[in-house]
Amino acid sequence: MSRLTLTGPDDYDLARDVCSYGYFRLAPNDWDPGRETLTRPLHLVDGPATFTIAQPDGAGAPLKVRADRRISRAESADARRQIERMLRLHEDLAEFHAVDPRWKDSGRGRIFRSPTLFEDVIKTITSCNVTWKGTINMNRRLCEVIDPAFPRPAQLARRRPATLRARCGVGYRDIRLVELARLFREPALTARLEDESRSDDDIHRELLGLPGVGPYAAANILQLLGRFSRLAIDTEMIAHGREALGMTGTPRQIEKQLHAHYERFGDQKFRSYWIERWTHYESDEGPASGWA
DNA sequence: GGTAGACCTGGACGC
DNA sequence: GCGTCCAGGTCTACC
């Protein structure tokens, strides 16, 4: 068994910042509302290891991470990198809080994601054109059938689409998932999409060329890459426009109003929208960290 | 450039 | 228990 300590910013709150996006409820992530810990396996050089992340001394205190087996120095560095990606531990919120001061005092602004871009892409595809329960089922079954630590590109690429459909319940997404996995088997694709020197427009254009990725998915993957300049408009966002912002009209008319409304937040517009929407959820249902 | 219809699963509903 | 309808985002064909 090995232990790590991760130090984040003073306003880092594990319970709040992990439970800030629906992916914290998707396999193989396992949030324990009672203990306020996140447990999940990660792929490392010598095989998978399961990590439990806690913040025993409360918000702002260091994160204590425990692995279920002894890990090497190289594996420790890799695990640290993956966990920091998930938690967005070193993301600078100054620009966000400058354009949207509503969240400055609380320090809100981090949106949970996956340890790898590939997992974020697959989770996005499995959230399209399906109810949330369907998304939960697909991710659970991908982990049960292919890999408990979440399928890697090479593992998914060699599966037959019919197998994914029958055993993982992914429906018509089967071929698209296999095609995506084949593309992501080449590390250059991830490197290109994570290249910070490229513009948002450039990345967005490349994302739209990927199988199964349309306007919503492209914008969502962009935010998962740390680029918040585009709104990922789905039916939930249209509902948010109606219910929280008082917009009226057809979905297309509301979409235009949403673009106009969030324009003031510039390159941070998705993050402004998301924190606002998530706060509405929590005002109705209580803190997400307590959701069953 | 805009739009209709198909794609698949699971839940709601009526019988 | 069975059949029908509907929601969800992307893709293709067509105008």
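Since the structure is predicted, the reported quantities are computational estimates derived from the model, not experimental observations. (Residues numbered from 1 in each chain as written. Chains lettered and ligands numbered in written order. Predicted model: local features only at pLDDT ≥ 70, side-chain atom pairs only at ≥ 80, totals over all residues. Heavy atoms only, no water.)

## Here's the deal with the overall build of chain A
Cut-off, in case you're wondering: Strands are runs of DSSP state E lasting at least two residues, helices are runs of H or I lasting at least four, and both sets are numbered from the N terminus onward. Based on C-alpha atoms, the radius of gyration is set beside the globule rule, defined as 2.2 Å times the residue count to the power 0.38. The rule is simple: take the accessible area with a 1.4 Å probe, protein chains only, and divide by the maximum for that residue type; under 20% is buried, over 50% is exposed, in between is partly exposed. Residue contacts are defined here by distance: any two heavy atoms, one from each residue, within 4.5 Å place the two residues in contact. A 1.4 Å probe and the Shrake-Rupley method give the accessible areas. Residues count as covered only by the protein chains that appear here. Only four residue types enter the charge count: Lys and Arg as positive, Asp and Glu as negative, with His and the chain ends excluded. Charged side chains are reduced to one point each, which is NZ for Lys, CZ for Arg, CG for Asp and CD for Glu.
The helix and strand tally for chain A stands at 14 helices and five strands. What you see for chain A is a C-alpha radius of gyration of 19 Å, in line with the 19 Å of a compact globule of 292 residues. In terms of overall dimensions, chain A has C-alpha extents of about 55 × 50 × 40 Å along its principal axes. Looking at the 292 residues of chain A, the share that counts as buried comes to 53%. Of the contacts formed within chain A by residues at least 6 apart in sequence, a portion of 62% connects residues at least 24 apart. Here chain A displays about 13500 Å² of accessible surface, and carbon together with sulfur accounts for 49% of that area. Here chain A carries 45 positive and 42 negative side-chain charges, and the mean point of each set is 6 Å from the other.

## Here's the deal with the pairing of strand β1 (residues 2–6)
What counts here: One requirement defines pairing of two strands: DSSP has to find at least two bridges between them.
Burial along β1 is one-sided: the face carrying Ser2, Leu4 and Leu6 is buried and the face carrying Arg3 and Thr5 is not. Looking at chain direction, β1 and strand β5 (residues 63–67) are connected through five bridges and run antiparallel. By the bridge assignment for β5, Leu6 is matched with Leu63.

## Quick word on helix α5 (residues 132–145)
Quick note on the threshold: Here the expected length of a helix is defined as 1.5 Å per residue gap, with one fewer gap than residues.
Between its first and last C-alpha atoms α5 spans 20 Å; for 14 residues at 1.5 Å apiece the expected length is 20 Å, and the two agree. Turning to α5, its buried residues number three or more, namely Gly134, Thr135, Met138, Asn139, Leu142, Cys143 and Val145.

## Some points on the protein's contact with DNA strand C
Put simply, the test is: Summary of the distance rule: residues count as near a molecule or strand when at least one heavy atom falls within 4 Å of that molecule or strand. Here a polar contact means two N or O atoms within 3.5 Å. Within protein one must be a hydrogen donor candidate and the other an acceptor candidate, and residues neighboring in sequence count only if both atoms are side-chain atoms. Amino acids are sorted into nonpolar (Ala, Val, Leu, Ile, Met, Phe, Trp, Tyr, Cys and Pro), charged (Asp, Glu, Lys and Arg) and polar (every other residue, Gly among them).
Close contacts around DNA strand C come from 15 residues, with Asn129, Gly212, Ala217, Asp234 and Thr235 the closest. A share of 60% is what sugar and phosphate atoms reach among the atoms of DNA strand C within 4 Å of the protein. At 2.5 Å from a phosphate oxygen of DNA strand C is found a main-chain nitrogen or oxygen belonging to Gly212. Of the residues that constitute the surface near DNA strand C, the class distribution is nine nonpolar, four polar and two charged.

## Here we look at the protein's contact with DNA strand B
Inspection of the region around DNA strand B gives Asn129, Lys133, Arg141, Arg165, Gly169, Gly171, Tyr172 and Arg252 as its neighbouring residues. Between DNA strand B and Lys133 there is a distance of 2.7 Å, counted from a phosphate oxygen to a side-chain nitrogen or oxygen. Within the side chain of Arg165, a nitrogen or oxygen atom sits 2.4 Å from a phosphate oxygen of DNA strand B. Taken together, the residues of the surface near DNA strand B break down into one nonpolar, three polar and four charged.

## A few points about the sheet that holds strand β4 (residues 49–54)
Remark on secondary structure: sheet strands pair via backbone hydrogen bonds, oriented parallel or antiparallel. Definition in use: Here an axis means a line fitted to C-alpha atoms, over the contact stretch when the element is a helix, while the angle between two N-to-C directions is reported on a 0 to 180 degree scale.
Strand order in the open sheet formed by five strands is β1-β5-β4-β3-β2, with antiparallel pairing between adjacent strands. The open sheet has two free edges, formed respectively by β1 and β2 (30–32), since each of these has just one partner strand. Each strand axis lies, on average, 20 degrees off the axis of its neighbour in the sheet, ignoring direction. Sheet topology places strand β3 (residues 37–42) next to β4; five bridges connect them, and they run antiparallel. When the sheet's bridge partners are listed, Leu38 is paired in β4 with Ile53.

## Structural notes on the domain arrangement of chain A
For clarity, the threshold we go by: Domain segmentation is taken from an automatic or database assignment of domains. Two parts placed together each lose some accessible area under a 1.4 Å probe, and the buried area is that loss summed for both. The term salt bridge refers to a side-chain nitrogen of Lys or Arg lying within 4 Å of a carboxyl oxygen of Asp or Glu.
Segmentation of chain A into domains returns domain 1 (3–94), domain 2 (117–214) and domain 3 (235–285). Its C-alpha centre places domain 1 at a distance of 23 Å from the equivalent point of domain 2. Of the residues lining the interface, 13 residues belong to domain 1; the matching set on domain 2 comes to 19 residues. Between domain 1 and domain 2, a total of about 1200 Å² is buried, with carbon and sulfur atoms accounting for 59% of that surface. The largest share of the area that domain 1 buries against domain 2 comes from Tyr23, Leu26 and His43, three residues that together contribute 48% of it. Taken together, domain 1 and domain 2 are joined by three salt bridges. Note that Glu194 and Arg85 form a salt bridge whose closest N and O atoms lie 3.9 Å from each other.

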